[in-house]
Structure formats: C-alpha cells, structure tokens
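The lines below spell out each chain.
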Amino acid sequence: MQLKTKHLLGLENVSSSDIQSILDTAVSFKQVLERPIKKVPTLQGKTVVNLFYENSTRTRISFELAEKRLSADSVNFSVSGSSVSKGETFKDTVRNIEAMKVDMIVVRHGSAGVPQYLTKISDSVVINAGDGIHEHPTQALLDMYSIREKLGKLEGLKVCIVGDIAHSRVALSNIFGLQAMGAEVSVCGPATLIPRNIGDLGVKVIHNIDEAIQENDVLNILRIQLERKARAAFPSTREYHKYYGITKERMEKNKKDVLLLHPGPINRGVEISSEMADGEHQIILEQVTNGVAVRMAILYLLGTRQGEDN
Amino acid sequence: MNIKAKILDQEALLRIITRMSHEIIEKNKGPENLIIMGLRTRGEYLATRLRDKILSIENVDVPLGILDVTLYRDDFRTRLKQPEVSVSNITFDITDKNIVLVDDVLYTGRTIRSALCAIMDFGRPATIKLCCLVDRGHRQLPIKADIIGKNIPTSINEEVRVKLLEHDGEDAVYLVEV
Amino acid sequence: MQTLLKNLRIIDTTLNIDQKADILIDNGLIEKIGTDIEVNDWNVDIHDLSGCIAAPGFIDIHVHLREPGREDEETVVSGCMGAAAGGFTAIASMPNTDPAADAAEIIESIITKSEKTPVDVYPIGAATIERKGEVLAPIGELVEAGAVAFSDDGVAIKTAGILRRVMEYASMYNAPVIEHCEDESMAGGSMNEGFNSTRFGLTAIPPIAEELTVARDIMMAEYTGAKVHIAHISTAKAVQLVREGKAKGIKVTAEVTPHHFTLTDDSLADYDTNFKMNPPLRTKDDVAAMIEGLRDGTIDCIASDHAPHSIEEKEMEFEYAPNGILGLETTLGLTLNNLYHQGVLSIPQIVEKLVVNPRNILGIPVPVIREGEKANLTIFDPEKEYKVRVAGFKSKSRNSPFDGHTLKGAPVAIFNKGKLVLSQVSG
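Note that the structure is predicted; figures quoted are calculated from it, not measured.

1. A look at the overall build of chain A
Each helix and strand in chain A was counted, giving 13 helices and 9 strands. The C-alpha atoms of chain A give 19 Å as radius of gyration, which agrees with the globular expectation for 310 residues (19 Å, within 12%). By principal-axis analysis of the C-alpha atoms, chain A measures approximately 55 × 45 × 35 Å. In chain A, buried positions account for 50% of the 310 residues.

2. Description of the overall build of chain C
Summing up its helical and strand segments, chain C has 12 helices and 18 strands in all. Against the globule reference of 22 Å for 427 residues, chain C gives a C-alpha radius of gyration of 21 Å, in line with a compact fold. Dimensions along the principal axes, computed over C-alpha positions, put chain C at roughly 65 × 45 × 45 Å. Burial status across chain C gives 59% buried among its 427 residues.

3. Some words on the sheet that holds strand β6 (residues 58-63) of chain C
All names here are of chain C. Taken in spatial order, the 8 strands of this open sheet run β6-β7-β8-β9-β10-β13-β14-β15, and their pairing is parallel. The open sheet has two free edges, formed respectively by β6 and β15 (301-302), since each of these has just one partner strand. Alignment of strand β7 (residues 88-93) against strand β8 (residues 120-126), held across 4 bridges, turns out to be parallel. Looking at β8, one finds that S93 is bridged to P123. Each of β6, β7, β8, β9 (149-151), β13 (228-230), β14 (252-256) and β15 touches helix α12 (residues 347-362); the most contacted strand, β6, lies at about 55 degrees to it.

4. Digging into the domain arrangement of chain C
Note: interface size is frequently given as the accessible area lost on complex formation between the parts. All names here are of chain C. Structurally, chain C comprises domain 1 (2-54 + 370-422) and domain 2 (57-362). Put simply, the middle of domain 1 and the middle of domain 2, counted by C-alpha atoms, are 26 Å apart. In this assembly, 31 residues from domain 1 lie in contact with 41 residues from domain 2. Sort the elements by how many residues they give to the side of domain 1 that touches domain 2 and strand β17 (residues 406-416) lands first, with 7 residues.

5. Topic: the interface of chain C and chain A
On the chain A side, the residues contacting the 17 residues of chain C number 27 residues. The element contributing the most residues to the side of chain C that touches chain A is helix α5 (residues 195-200) of chain C, with 4 residues. Grouping the constituent residues of the side of chain C that touches chain A by class yields 7 nonpolar, 3 polar and 7 charged.

6. Quick look at helix α3 (residues 110-122) of chain B
Residues and elements named next belong to chain B. Spanning 13 residues, α3 covers 19 Å between terminal C-alpha atoms, matching the ideal 18 Å at 1.5 Å per step. Listed as buried for α3 are I112, S114, A115, A118, I119 and F122. Projected onto a plane normal to the axis of α3, the buried residues spread over an arc of 155 degrees and lie on a single side. Check the buried side of α3 and you find it contacts β2 (34-39), β3 (64-67), β4 (98-106) and β5 (127-135). Positioned one or two residues after α3, G123 has a phi angle of 160 degrees, which is positive.

7. Comments concerning the interface of chain A and chain B
With 17 residues of chain A at the interface, the matching set in chain B holds 17 residues. It is helix α1 (residues 16-33) of chain A that contributes the most residues to the side of chain A that touches chain B, 4 residues altogether. Residues belonging to the side of chain A that touches chain B are distributed by class as follows: 7 nonpolar, 7 polar and 3 charged.

8. Thoughts on the sheet that holds strand β3 (residues 104-109) of chain A
Residue and element names in this part refer to chain A. The parallel open sheet is built from 4 strands, whose spatial order is β2-β1-β3-β4. Two strands in the sheet have a free side with no partner beyond their single neighbour: β2 (73-78) and β4 (125-131). Recorded for the sheet is a direction-independent mean angle of 15 degrees between the axes of neighbouring strands. As paired elements, strand β1 (residues 47-52) and β3 share 5 bridges and run parallel to each other. Its bridge partner being in β3, N50 is matched across the sheet by V106.

9. Quick look at the nonpolar core
Among the nonpolar cores identified, the biggest contains 155 residues, and A:V162, A:A297, B:I36, B:V102 and B:C131 are the most heavily contacted of them. When residues of this core are assigned to their parent elements, the largest contribution, 9 residues, is made by helix α13 (residues 284-303) of chain A. B:V102 has contacts with B:I36, B:M37, B:G38, B:L39, B:G43, B:L46, B:A47, B:L50 and B:C131, leaving out every residue within four places of it along the chain. Formed by 116 residues, the second largest nonpolar core is a distinct cluster that contains C:F88, C:F150, C:I325 and C:L336.

Analysis parameters
- Residues numbered from 1 in each chain as written.
- Chains lettered and ligands numbered in written order.
- Predicted model: local features only at pLDDT ≥ 70, side-chain atom pairs only at ≥ 80, totals over all residues.
- Helix = DSSP H or I, 4+ residues; strand = E, 2+ residues; numbered from the N terminus.
- Rg over C-alpha atoms; globule rule 2.2 N^0.38 Å.
- Buried ≥ 20, exposed ≤ 12 C-beta atoms within 10 Å, placed from the backbone.
- Pairing = 2+ DSSP bridges.
- Contact = placed C-beta atoms within 7 Å.
- Axes fitted to C-alpha atoms, helices over the stretch in contact; angles between N-to-C directions.
- Domains from an automatic or database assignment.
- Nonpolar A, V, L, I, M, F, W, Y, C, P; charged D, E, K, R; others polar.
- Expected span 1.5 Å × (residues − 1).
- Arc of directions from axis to C-beta.
- Core = buried A, V, L, I, M, F, W, Y, C linked by C-beta atoms within 7 Å.

This is the structure we're talking about:
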C-alpha cells in the first residue's frame, strides 16, 4: 500500500492507514531477517545518508543494517554537537551532502524541527531518527509493531508510558501513533517529568506506578536521563527507583500480566530492576530485532514510493 | 479489455495439472527430496494442486513453499504503482533439495529471475526446475520452462489470464486483448 | 526650499485637530496650514496626498540598532532609514549592543551618527554595567549624554536589590526603567510553554516567567516611586497586572509589539526561525488580552522590538537560532491592518499609541502640527493595500515573518529635519 506521506518526520500527522501499511510491510521484512541470507536487492542503486548530529549507536546501527539489508548504499555522517560548534551551518552541510547525489537522508539531531527544516532545503526523502525532545517515529513504530506482534492488536489496548516524558521524543511519537491506532495512552511519572500540557493531547496522567501497572496492558518504560539538567527534575535515582522503578516485588504485588517495553539503553536498577529487564514480561531484545524490520519497511515504502500522488 | 478466446476450460485445465504432476515425478525420478514452490499469487494455488495430486499418485506429502518476490523485482523505478510486499512461507531448509518452481504464465522471464535470486537467499538447492501452466513467449531473459502446461503463442498486445477457483471463482484460461 | 503637502487629513490629538487641509513647509518649519493653499513659485515641491493622513511624527521606542558590535546586521544609519521607510520620525535605541550602551561615549556616538539621517534617535542607556545586573551604570552621565531611559533589555534587571537601586537612581532624573520581564531561572526556551510546545517538542518559556517579573517590577515601582515601563508585554496575566498597578496609581506603563497582537504560537508548526522571538508568540487568549489592553488603555503604546539578525544566524536549527524579528517597516501596516481595520482602535487612538504616549513615557517633547512649529510629520494611507516585500526593506537584515503578507494601511512619507522622505514599503 503506497504511503500518503512522502517523508517520515513524526507520527503526529501520519494517518492510521500509513501506520498500518508500515506495520504490515514490516512483517515481511522480519521474515527476511530470519533467513540465512538476510538481504534483499530492493533498494539497489539508492543512496542513503545517516546524518547523525547526536551520538546514538543503537539507532544508527539499526538503520545502517536496515539499509544494507535492502542493498542500499549507505554512508554515515556523524557530527557531535551542533553545527555551530562545527563551524559549518547545518544548511551548508546538507547542501554538500546533496551535491553528492543522495536519495534519502536519515537524520538525528538534538534540536526539534530539524527534519522538517531539512525537507525545505533538500530534495531527498527525509526520515526522522529523533529530533530534540520532539519525535522519534521509527522507535514508536517498532514499539507498536512489537506490541501488536505480542498481543495481536493495538486497538483498544491500554498503554502507559512510564518515566521522563518531558525529555523524551519516544513518548510523544508513541502517544500520536498509538492514539491513531485506537489504543488508550496514559503517562506515569513524577510531576516534574511530565509536561504541564500533556493532558491536552488526550493522555491520562498517573503519578502512582502501582495504579499504572493495574490499569494497563502494556508499560513502555523510558530511560531516565542521568545528565545533570534532566536530573534536576527529581531528587535522586534512588528515590526514582523506589517509587517508579519496575521491580519483581512490585509486579508480584500487583499480580498483573503486563507487557514491558523499553527503548534502551537500560539503566538497570533505576527505571527497571535487572531481574525484570531479563524477565518473562519484557520483550526488550525483540524490540531491537523488530527495529531493523520496521526500519526496512519504512525505507522500502518511502524509497520506492512512486510519484507525487497522495 | 476484451476476451478473444477461452483457451482452456476446467476439464482441460485439470487434465493438464494431472499431466504436469506426472511429469514432475518423472523428471525428478520419484517424489523424494522434492519441494514444490509456488509464486504468489496464482502460482501458489497451482502449486497446492500439484502437491495434492502428487500425494494422491505417490502417497507422499511433498513440502510446499510459497515465494513472494516483490523485494527482488527490477521494475521499482518504472512502475506506476508501488508493489505491495507480502510474506514468503518457506518453513523448511531448501539446501540440497530439488525445487520445482510453479507459476501460472511464463512471459518475459523477469519474475522467474527474481524468484531464482530470492530462492538463493533462502539457501542452496541442488536443482531448480521451472513449471508453468502457460508459456506465451516473448522472453527477455535466457529462461526456459522445464514443464509446460500449454504453449500459447501471443502478440504483444494480448494477455493470457489464468483464472483459478481458489482466487477467481472459476477454472479457465483466457486470451484477452488490452 | 518650500514643500507643499496638499489634500491631507490632519490629525493631531494634542491640539485636538482633525481637519482636511494643505500644509506649506518652509525651511523645515510649518509656514501655513489651510485649505487650497496656492503657490505660484515653480521652485516649490508640491505633493498631492489625497486620501492620506498627516499626524505628528511616529516614534518606535523599542529598536535594536546593533551598532556598535554587529554593523553587518544594522547600523544607526540603516536603522534610521528603515524607521523613515516605516513611517517613524523618531526611535529609541536599546542598549544591548556590543559593548553595551553603558558609557557616555556610546550614547553620544549613536546620537552623532543619527544626526545626518532624517530620524531622531533617543538612546536608552544600560541600567547596569555590561547589562550584568551587578553594578549601576553611570546613569547621571548617560542622561547628560542624551539617554532618555534605562534598561538591561535582552534580560530583566537581575536581582531585586539592583533593580531597587536603578529605580531610585533613575527617578532622580525622572527617567523610566524599561524592563524586559523574564525570570532568569525559568528562561532559556525557544517558544511559549503550552499545548503547542508539547506537540512541537521545543524547550519552552512559561508565561509565568514574564508575569513574575512584571509583578516584581510593579511592586518595586510602587516601593521606590519610580517609573517602570514594561517592554513587549505578551501574556494575558501580565496585562492584568499592569491594569491593576495603574488602578493603584503606580507609575507603570506598557508597550506591545505588532507580532504579539497579531500572531500566536500556532505559527511555529513549520519551525520557521522568523517566528522565534523573546518573549515568544503566545496563545489566542493572550492575543485577545493584548487587543483588550490596547483598547482599554492598559497598554500605552505600540513598539516594534525591531531586532535584526543576519541570514546566516537565522537560517539555523530552531533551538540555536537567535531571538527576534524586524519590526520598523511592518509596524504601521500591521497596526492599521489589525487594529484600525478590525475596529479595535480609531486613527486618533493609534496616534496616541504611536506619537503621544510613547514620548510621554520617555519624557520627551511631543511634536504638534501648528504654524511656526518644526515640521515633524508622518503621512500614511490607511486604505492602501499591498504585499510586504522584505527584499525591499531599508534595514540591513531580512528576518521578518510577514514577508508576502497582504496588509491594508501603509506609510507614505515622513517629514523631519527639513526633509521629506517617501516610503517605499508599499512599492
């Protein structure tokens, strides 16, 4: 099914039929990943640039593998920090890359809105691999794929995103995507880590983790940022773990069968105990595998999209 | 589109399938080490019928695979519509097996080229043979079928439409003009 | 040299005049005001201005000239030419240059540079040395050099302690303290905090960061008896605080920028850095509060917060781009388009907000249209429709979000310092 969207900038304005197409197509690619030769020639001759202005080994490797397994030529362009510190403007960097004739740009940047800006200064297909604290659509799609694969559906499910919602791009994309697919989304965390206006997005706010466990089918546990700036928003990781950490005792106490997701990397002993991070409820490594399949589906659907029709 | 001729009716079609089943067994010197692999969409149903037929003749249940070659196509840049990807269904190891690839109509040979590439990515079979219900000519690649149901010479502005009960509600082969 | 401006509607709220007349100017002085003035001298420069209004010269009391320091973005001269093109005969310049306007020489140099232009520049001095909020600027010397007000604009005066001293000291000279109201500990975001900042994932400045400082400043003005002027007010609660302060008789005044009474943070959906400014664009309710504040007089004047930035600086990732947009050449158009034509303010009320009130805030003389006076006039056509073309701006910079907007109401010319300058804004 041809996607309506030409780029993947975020999930806020992506239709449920597009999300459905991506998730359905990813099923085929997951199968490719299970074969002895995990590669198909589909994007032969297409060039993809992974433009990473922020360190993110996982997302980058996942995209890189997805590209290579589709037989695209892929190049990594990593810059740590902003264009300002590099001495070349973002626009100049992009124009230089474009001059080398590329087809798609996968972009990760610390500043929100950069993927959108990129579509204005470039002719390439743009895929957002995370922009500031805005969106991380491919992560949300792989989360949704993983939930659907495990529970068979998204519609009607109750999903709670736990942790640092205020500094998370994963949260926002999950909220938009899951809501589009008919799931009921809530967020759980200390008040200082939840944006003041999140309720306006139709999201329920919970401050008690036990309540979150009892009310939901799925918990998507976000990484707690250990950097100084984010940490000023809660007293200590010890206190966070005590009141919001997912532990065996807490799960047993609530006697509830919930599916646990985590986008990684995990801070063991902070947002989730080691026991739970390796336990039966979680599908953390499955998410990583699915990440490649979902990204292959996105690259395929956008990279072979025909014409300008909508 | 207008129908120029009904080339095969159900009776003729079933007779051909029976003959093709025999030919498969004969060329493979028996049903051992054999895999029937149908190409989506109609090749899949033909393959299923061939498998069933072989079961009734030889009393051996030959493994059946289904291959989707969308990801291996060579026409992404020239097509008007993006092809929909669907899953292959090959739940067994194909290494050192004799594969019989089944499709409904053999035309340019490009789909078969895609299928051969796709199969190689699943493993290394001993042999691959091609079995097609209809060969309409106009090959663009050096590919030829080992087992052919019926040769139907066509002109370039004609098309062969295979209809199967499972998918189209009838068993028949038509020659149409486009 | 004589100039005859014919068929004008003259509006002067100080003299309570609203009449159709011609104005004959001789050597920069208003020689005669009357109907059907005839001159037979072919040397007289005659302009037929039917449909246009002449008012005393408009002043924009919030302009960043960027000289000294960033002459690539704006100079005193280019800023003055932009002001003239936008219908202003006077501007007040903000002290956040590099170095800051915290020394008499800088104030004097700005005035000297402006003398050759048709626009009067009234410099605002820094309130503290280097605008750091630690040591009082030499306010006495700055006043002597020509400074008319004091501000650390770009930031609020850092602490209540130093604010008190600035207010006490400035009030000896009857000079107002102009405050950029923003609590430092809550500052640093790229847009207004609210529903949209959650959606757009941008770091946000909460409205309360402005309101806390407005409240502090009004209380301090009451305590010290000084005059405080709230620059670029932008939130509904801040307007309410000013309204209450005025009701109590506290010497508080406020200005609003055209962008804060026309745009909301919905405009940021495309991450266009030409919509990034501080204070940020707020919500629909805040815009409504600006309109109401203008209507009921809580907001005394309109000022542009003209903040030029180079293309390189603005063409950047949203979070890294500097704050601020151009204003001199769109203020009059936006005011007429969005306030006059929407029935919010009458022409005489607009004259109050762009001529009389801002000069009273700064304590400088208000020009009048009377025979024998210096001709200091703004001429504008309230009915003219045109498309804003940033490419034609006199300013050195191009960072306006209004490029391509169609506006009704345009500056036509100014007359000041003996010179008639025709505007090309509406070309």
